[in-house]
Protein chains: 2
Amino acid sequence: MSLKPSPLAPAALPRLAPVPGVRIATTESGLRYKNRPDLCLFELAPGSVVAGVLTRSLTCSASVDWCKAGIKGGGKARAILVNAGNANAFTGKLGMDAVKALGAAVGKLLGAPAKQVFQASTGVIGVPLPAEKLTPLLPGLQKQLGDDAWEQAARAILTTDTYAKGASVATEIAGTPVTITGVCKGSGMIAPDMATMLAFVATDAKLPQPVLQAILAPAADASFNAITVDGDTSTSDTLLLVATGQAKHAKVERAGDPRLKAFKAALRALLIDLAQQVVKDGEGAEKFVTVTVTGAASKGAARRIGLAIANSPLVKTAIAGADANWGRVVMAVGKSGEKADRDRLGVSIGGVLVAAKGAVVPGYDETPVARHMKGRDILIEVDVGIGKGSATVWTCDLTHGYIDINADYRS
Amino acid sequence: MSLKPSPLAPAALPRLAPVPGVRIATTESGLRYKNRPDLCLFELAPGSVVAGVLTRSLTCSASVDWCKAGIKGGGKARAILVNAGNANAFTGKLGMDAVKALGAAVGKLLGAPAKQVFQASTGVIGVPLPAEKLTPLLPGLQKQLGDDAWEQAARAILTTDTYAKGASVATEIAGTPVTITGVCKGSGMIAPDMATMLAFVATDAKLPQPVLQAILAPAADASFNAITVDGDTSTSDTLLLVATGQAKHAKVERAGDPRLKAFKAALRALLIDLAQQVVKDGEGAEKFVTVTVTGAASKGAARRIGLAIANSPLVKTAIAGADANWGRVVMAVGKSGEKADRDRLGVSIGGVLVAAKGAVVPGYDETPVARHMKGRDILIEVDVGIGKGSATVWTCDLTHGYIDINADYRS
């Protein structure tokens, strides 16, 4: 089926700056898609390290197992190989055989151990990935490797996405300029921890792997783990952050080093940008929804309440129908299981206070709220009124488009 | 909007046998609906007791708070008043004022304390229930009370339901015949603990309230708490079981008494019947789905895995599209958070083993499975392969109809 572009799509993919130490090539494997690149190789300079946040699904794919082992083993990385169209998940021993074969084949080309070839696969579950159809393409990929091919990577990793996603920022560490560039994909099965979501981010910063990991985890929580399209969690979710070490900044050895402040902020902003691009391409999405929760018992409670609202099919369909049905927001708070007090709860929509202290505000005029609900950007704010925990999560509405796409994905 | 009847609707409402000690009347309040009864009074004989399972939502309605207090206070009951169209939820002090006023008004008519007038409201959240518009209707309701009016009750409590729901069974206690009859409503916002679901069940058995409550709880877990339409939990869910004590059976004073065996089985079967009627009227439902989980670490784990599958939008849309996408079932098991081992997992669809030991079965032929998926009754069986816990849950598919109904409910 052909998908119409999301009405929330950005006007264009931004310029994705090259990252010293990263070369990229893409090609058409012909495995699932016709006439579009679906296989992508990132070559990483010697000395590169990778940090990662991967799906917690107990039925995760072979490539997720492989990446987890690679990170646990120290995170040295020389390449990332990504294919779109086949998730290589729930494929038993054949799945891991394919990952090993591809790791060995790429490693041989680059003169690196197989385990330094990180891998990610996305697409249909349960169909073994035919490594033997991909390995013959690898020498050609290697020949095409280029410094300035992030946009090609952004396109090659897509599945049901309707547009390519990427972002790039310039920042500094100890006064030395460094670049962070990333691409990602994902449109359905998007939920925290994590999503049918792949994201590959690289920087030329020179950081020890444990420092990189310590920086990545909270940034992932504030970004990819704060978005949801349908509450479903994929078997394949992978966020990898590579540091090639090509930048010549002063040595930094602790995640708490104050000289990392700008870098951390830039990384966090970049990941939030990428995560929001994913939500805006949520399957069938027509509205982008920001849910802010304040006054919860803790930060975690605020996030769980926010996700209960953002995942509620009744809230999401009301938004699709431009219906300022704040009662459903109250319902979602109630079902979150988090501490709340009906008689202290406040709800605002589009900046207008709708309900406070357990009831609709006196003289409530729905006119400005109804106008807000007709827009593309919806803001729902909930004040739980019992503590100081706050969090923001993002989602999209639930429309006929979601059903169209998901009732028909394999056919 | 007008709703087309669910294609899963039963041919007709079964005959609902009168229950000695229960009289019923319904009328049109004009509050929300036009030209249909939406207010229902159950008069209960003196000596009646009531047990209940009510929503755990922290933002529950005033009438839920009222019923919980009534049960906690011993469960003596002389009436149940139910209105459809206004949930009287999140209505602050005005909500409880309305409940108190209605309790007092019905109590005065029947010569009973207000607290013995149980109440339930379903419909839009956030609009205070105007008790003053209902109280003038109560004397008329009282005059119309009849023994054989369960069908009228089944119709008066509906909201977005497309058909009336009820069931009746004849059973015995210690050799003496007793009747159990019940009605219920609910079509969206259906999820365990509990749902926008109201169910009123009565029997002429003579049982102490604590015994009645002890019998009801596990039967509710196996029925209403094992169904889900959209994973959303309502502020109003109420299941009440009345025992009028009119049957002249031998005294039974313990829930564990073996003479209650037939009664318990009958009650459980009746509640499962009612719960399945609710799922089959799930908003937009076109297929009825049974999910059976075996081999889980515990009964609770099996139920949670079953609900993760039954609540997954991706599983539900695949079913809507008659797509035997078992990979999404695997995904849902993985995200349930329950103990599972990918390499021991087995999945059957329509009785055909599709995947075992972490991979698709050798020579898998999708033909019979695809045929099964085109039917109205879908069976998904998952064997987790690690323990002895099992559970069955029921749901429906996620279709365009759900979006139509829920994007437009208030307008």
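Everything numeric here is computed off the predicted structure, so don't read it as measured data.

Cut-off values and rules
Residues numbered from 1 in each chain as written. Chains lettered and ligands numbered in written order. Predicted model: local features only at pLDDT ≥ 70, side-chain atom pairs only at ≥ 80, totals over all residues. Helix = DSSP H or I, 4+ residues; strand = E, 2+ residues; numbered from the N terminus. Buried ≥ 20, exposed ≤ 12 C-beta atoms within 10 Å, placed from the backbone. Contact = placed C-beta atoms within 7 Å. Core = buried A, V, L, I, M, F, W, Y, C linked by C-beta atoms within 7 Å. Pairing = 2+ DSSP bridges. Axes fitted to C-alpha atoms, helices over the stretch in contact; angles between N-to-C directions. Domains from an automatic or database assignment. Nonpolar A, V, L, I, M, F, W, Y, C, P; charged D, E, K, R; others polar. Expected span 1.5 Å × (residues − 1). Arc of directions from axis to C-beta. Parallel < 35°, antiparallel > 145°, perpendicular 65-115°, else oblique. Left-handed = near helix turned anticlockwise from the far one by under 90°. pLDDT = per-residue confidence, 0-100.

(A) Looking closely at the overall build of chain A. For chain A, the count of helices and strands is 12 helices and 16 strands. Seen through its C-alpha atoms, chain A measures out along the principal axes to roughly 70 × 55 × 40 Å. Looking at the 411 residues of chain A, the share that counts as buried comes to 59%. For chain A, restricting intrachain contacts to residue pairs at least 6 apart in sequence, the fraction spanning at least 24 positions comes to 80%.

(B) Here's a closer look at the nonpolar core. Counting residues in each nonpolar core, the largest one holds 274 residues, and the members touching the most others are Ile309(A) and Ile309(B). Not counting chain neighbours up to four residues away, the residues in contact with Ile309(B) comprise Val291(B), Val315(B), Val329(B), Ala332(B), Val333(B), Ile380(B) and Val382(B).

(C) Layout of the sheet that holds strand E4 (residues 79-86) of chain A. All names here are of chain A. Spatial strand order, E1-E2-E4-E5: 4 strands in an open sheet with mixed pairing. Each edge of the sheet is formed by a strand with only one pairing partner; in this case those strands are strand E1 (22-27) and strand E5 (117-124). Taking each pair of neighbouring strands and ignoring which way they run, the sheet shows an average axis angle of 10 degrees. By the bridge criterion, 5 bridges tie strand E2 (residues 39-44) to E4 in an arrangement that is antiparallel. Looking at the pairing, Cys40 lines up with Val82 of E4.

(D) Representation of the domain arrangement of chain A in the model. Residues and elements named next belong to chain A. Parsing chain A into structural domains produces domain 1 (22-280) and domain 2 (288-406). Put simply, the middle of domain 1 and the middle of domain 2, counted by C-alpha atoms, are 33 Å apart. When contributions to the side of domain 1 that touches domain 2 are tallied by element, the ones reaching two or more residues are strand E9 (227-228) and helix H7 (261-280). The greatest single-element share of the side of domain 1 that touches domain 2, amounting to 3 residues, is contributed by H7. For the side of domain 1 that touches domain 2, the residue count by class is 5 nonpolar, 5 polar and 1 charged.

(E) Layout of the pairing of strand E13 (residues 352-356) of chain B. Residue and element names in this part refer to chain B. Where strand E12 (residues 346-349) lies against E13, 3 bridges are found, and the strand directions are antiparallel. The residue of E13 that forms the bridge with Val347 is Ala355. Two successive antiparallel strands, E12 and E13, enclose a turn made up of 2 residues, where Gly350 displays a positive phi of approximately 60 degrees. Two elements, E13 and strand E14 (residues 359-360), share 2 bridges in a ladder whose sense is antiparallel.

(F) Representation of helix H1 (residues 62-72) of chain B within the structure. Residue and element names in this part refer to chain B. Those residues of H1 that sit buried are Ala62, Ser63, Val64, Trp66, Cys67, Gly70 and Ile71. Looking at the packing, one finds that the buried side of H1 touches strand E3 (49-54), helix H2 (92-110), strand E5 (117-124) and strand E10 (238-243). Backbone geometry just downstream of H1 places Gly74 in the positive-phi region, at approximately 120 degrees.

(G) Molecular detail of unusual backbone geometry. Of note, the phi angle at Ala322(A) is positive, near 55 degrees, even though the residue is not glycine. Of note in the backbone geometry, Phe90(B) takes a positive phi value of approximately 55 degrees without being a glycine. Mapped onto the fold, Phe90(B) is located in the loop between strand E4 (79-86) and H2.

(H) Structural detail: the sheet that holds E12(B). Residues and elements named next belong to chain B. Sheet architecture is open: 7 strands sit in the order E9-E16-E11-E15-E12-E13-E14, paired in mixed fashion. Pairing within the sheet leaves two strands with one partner each, and these edge strands are strand E9 (227-228) and E14. Seen against the sheet, helix H8 (residues 299-311) touches E9, strand E11 (288-296), strand E15 (377-383) and strand E16 (389-396) and runs at an angle of roughly 25 degrees to E16.

(I) Helix H6 (residues 209-221) of chain A, seen in detail. Residue and element names in this part refer to chain A. Taking 1.5 Å of rise per residue, 13 residues should cover 18 Å, and H6 covers 19 Å from first to last C-alpha, within 8% of that figure. Buried residues of H6: Val211, Leu212, Ile215, Leu216, Ala219 and Ala220, and no others. For H6, the buried positions fall inside an angular range of 155 degrees around the axis, keeping them on one side. Tucked into the core, H6 has its buried residues touching strand E3 (49-54), strand E10 (238-243) and H7.

(J) How the structure looks around the environment of Gln276(B). All names here are of chain B. Relative to the assigned elements, Gln276 resides in helix H7 (residues 261-280). On the neighbour-count criterion, Gln276 (20 C-beta atoms within 10 Å) is buried. Sequence-wise, Gln276 and Arg328 are 52 residues apart; in three dimensions their C-alpha atoms are separated by 24 Å.

(K) Spatial organisation of the packing of H6(A) against H7(A). Residues and elements named next belong to chain A. Two elements in contact, H6 and H7, have axes whose closest approach is 9 Å; the angle formed by their N-to-C orientations is 40 degrees. Regarding the angle of H6 to H7, the classification is oblique. Taken as a pair, H6 and H7 cross one another with a handedness that is right-handed. Listed contacts from H7 to Ile215, Ala219 and Ala220 of H6 are Lys264, Leu267, Arg268 and Leu271.

(L) Quick look at the packing of helix H1 (residues 62-72) of chain A against helix H2 (residues 92-110) of chain A. Residue and element names in this part refer to chain A. For the pair H1 and H2, the least separation of the axes is 8 Å and the interaxial angle reads 55 degrees. Between H1 and H2, the angle is such that the two are oblique. Every pair of crossing elements has a handedness; the one defined by H1 and H2 is right-handed. Here H1 contributes Ala62, Ser63 and Trp66 to the contact with H2, which in turn contributes Gly95, Met96, Ala98 and Val99.

(M) Quick peek at the environment of Ala104(A). Residue and element names in this part refer to chain A. Among the secondary structure elements, Ala104 is positioned in helix H2. Since 16 C-beta atoms lie within 10 Å of it, Ala104 is described here as partly exposed. Between the alpha carbons of Ala104 and Ile173 there is a distance of 35 Å; along the sequence they are 69 residues apart.

(N) Molecular detail of the pairing of strand E12 (residues 346-349) of chain A. Relative to strand E15 (residues 377-383) of chain A, E12(A) runs antiparallel, the two being bridged by 4 bridges. Paired with Gly346(A) across the bridge in E15(A) is Asp383(A).

(O) Representation of the confidence of the model for chain A in the model. Residue and element names in this part refer to chain A. Averaged over all residues, the pLDDT of chain A is 90; the fraction at 70 or higher stands at 95%. Counting interchain partners and residues more than four positions distant, the pLDDT-below-50 stretch residues 190-195 has 34 contacts. Two summary scores accompany this predicted model of the complex, namely pTM at 0.80 and ipTM at 0.71.

(P) Expanded view of the environment of Met373(A). All names here are of chain A. Relative to the helices and strands, Met373 is located in helix H11 (residues 367-373). What makes Met373 partly exposed here is the crowd of 19 C-beta atoms within 10 Å. C-alpha of Met373 to C-alpha of Val329: the two residues are 44 residues apart in sequence and 14 Å apart in space. Here Met373 is in contact with Ala322, Asp323, Ala324 and Ile378, once residues within four sequence places are set aside.

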